[in-house]
Amino acid sequence: WNLTTGESVIVGEGTKCNDIVVRHDGKIYYTDPQASRIRMLNPGNKTPIDVDTFERPNGIGLSADQTLLFVAHFTGRFIYSYTIAEDGSLKNKQPYFHMHLPHGPETEARLDGMCTTRDGLLVASSDIGIQICDQPGRVQLILPRPPGAIRRTCYTTFGGPDRKTLYVATPEAIYKRKTKLTGIDPAKKPVKPPKPRL
């Protein structure tokens, strides 16, 4: 959908889409939690391809260099990592980012939308707030739910002219916060992050 002209184009048909990410080469990846599918659309082809299956996949994102696809398991506590093959298929699946849960007997992190920074950090929404992970997969910081937010955080993205403003959505509202981080636009040229530190 073109925000300037109002023109819309159908790029895929026949399946439901929950979360979506568009790569710089035009490949589209999206999740369909009801069907437990992760799907891909190639540019110019409206027929989606199933690239993996697992129960309740939700949020989806790309690494800064676009070599990895990240998919959140809504009813679990891991964000999975895949290597993207040259043809766009996925390989080397592993539970990679070990996310924090609410206190108590809860076993679901309710992991949802995510984005990444130029430094390779993953910024992911969850039941307890925004969890920020380093490249080796560890949670480095948790931003609690925005003041007044009743329910979980659902989506994150960076915006503004310098892409340093973090936008966070909950079921009730959208919030923004200026940061020292710089987000990436996955639809543009990949960015090589610095070597991860242990």
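About the cut-offs
- Residues numbered from 1 in each chain as written.
- Predicted model: local features only at pLDDT ≥ 70, side-chain atom pairs only at ≥ 80, totals over all residues.
- Heavy atoms only, no water.
- Salt bridge = Lys/Arg side-chain N within 4 Å of Asp/Glu carboxyl O.
- Buried < 20%, exposed > 50% of the residue type's maximum accessible area, 1.4 Å probe, protein only.
- Pairing = 2+ DSSP bridges.
- Helix = DSSP H or I, 4+ residues; strand = E, 2+ residues; numbered from the N terminus.
- Axes fitted to C-alpha atoms, helices over the stretch in contact; angles between N-to-C directions.
- pLDDT = per-residue confidence, 0-100.
- Core = buried A, V, L, I, M, F, W, Y, C linked by side-chain atoms within 4.5 Å.
- Phe/Tyr/Trp six-rings, centres within 6.5 Å; stacked < 30°, edge-to-face > 60°.

**Looking at the pattern of salt bridges**
Alright, step 1. For the coordinates displayed, the defined rule picks out twelve salt bridges.
Alright, step 2. Linking Arg 23 and Asp 25 is a salt bridge whose minimum nitrogen-to-oxygen distance equals 2.5 Å.
Alright, step 3. The class of Arg 23 is buried, set by a relative accessible area of 10%.
Alright, step 4. Across the salt bridge formed by Arg 39 and Asp 50, the nearest N and O atoms sit 2.7 Å from each other.

**Topic: the sheet that holds strand E1 (residues 20–22)**
Alright, step 1. Strand order in this open sheet of four strands is E1-E2-E3-E4, and the pairing throughout is antiparallel. Looking at the sheet topology across the chains shown, the edges are occupied by E1 and strand E4 (49–53). Taking the axes of each pair of neighbouring strands and ignoring which way they run, one obtains an average angle of 20 degrees across the sheet.
Alright, step 2. Bridge analysis of strand E2 (residues 28–32) against strand E3 (residues 37–41) gives five bridges, and the strand direction is antiparallel. Note on E3: the bridge partner recorded for Ile 28 is Leu 41.

**Side note on the confidence of the model for the chain**
Alright, step 1. Per-residue confidence for the chain gives a mean pLDDT of 91, with 94% of residues at or over 70.
Alright, step 2. Mean pLDDT values for the elements of the chain range from 94 in strand E15 (residues 174–178) up to 98 in strand E7 (residues 78–84).

**What about the sheet that holds strand E9 (residues 114–116)?**
Alright, step 1. One open sheet holds the four strands; their spatial order is E9-E10-E11-E12, and the pairing between them is antiparallel. At either margin of the open sheet sits one strand with a lone partner, and together these are E9 and strand E12 (139–144). For this sheet, the mean angle separating the axes of adjacent strands, direction not counted, is 20 degrees.
Alright, step 2. Here strand E11 (residues 129–133) pairs with E12 via five bridges, running antiparallel. The partner of Gln 131 across the bridge, within E12, is Ile 142.

**Notes on the nonpolar core**
Alright, step 1. In this structure, Tyr 29, Ile 38, Ile 60, Leu 69, Val 71, Tyr 82 and Leu 90 are the most contacted members of the largest nonpolar core, which totals 14 residues.
Alright, step 2. When residues of this core are traced back to their parent elements, those giving at least two are E3, strand E5 (57–62), strand E6 (68–73) and E7.
Alright, step 3. Grouped together as the second largest cluster of nonpolar side chains are twelve residues, Phe 70, Phe 97, Leu 111 and Val 139 included.

**Quick word on the packing of aromatic side chains**
Alright, step 1. Tallying each qualifying case throughout the model produces three aromatic pairs.
Alright, step 2. On the basis of an interplanar angle of 90 degrees and a centroid distance of 5.1 Å, the ring pair of Phe 70 and Phe 97 is categorised as edge-to-face. Taken together, the residues Phe 70 in strand E6 and Phe 97 in strand E8 (residues 90–98) connect sequence positions 27 residues apart.
Alright, step 3. Given the relative accessible area of 2%, Phe 97 is considered buried.

**Thoughts on the pairing of E6**
Alright, step 1. Counting buried positions along E6 yields five of six residues, so the element is predominantly enclosed.
Alright, step 2. The antiparallel pairing of E5 with E6 creates a hairpin that spans five residues between the two strands, and Gln 66 there sits at a positive phi of about 65 degrees.
Alright, step 3. Summarising the sheet, E6 and E7 pair through five bridges and their orientation is antiparallel. Paired with Leu 68 across the bridge in E7 is Thr 83.
Alright, step 4. Turn length for the E6-E7 hairpin, with the two strands adjacent in sequence and antiparallel, is four residues.

**A closer look at the pairing of E5**
Alright, step 1. Within E5, six of the six residues are buried, which leaves the element mostly enclosed by the surrounding structure.
Alright, step 2. Pairing of E5 with E6, which is carried by four bridges, proceeds in the antiparallel orientation. Bridged to Leu 62 within E6 is Leu 69.

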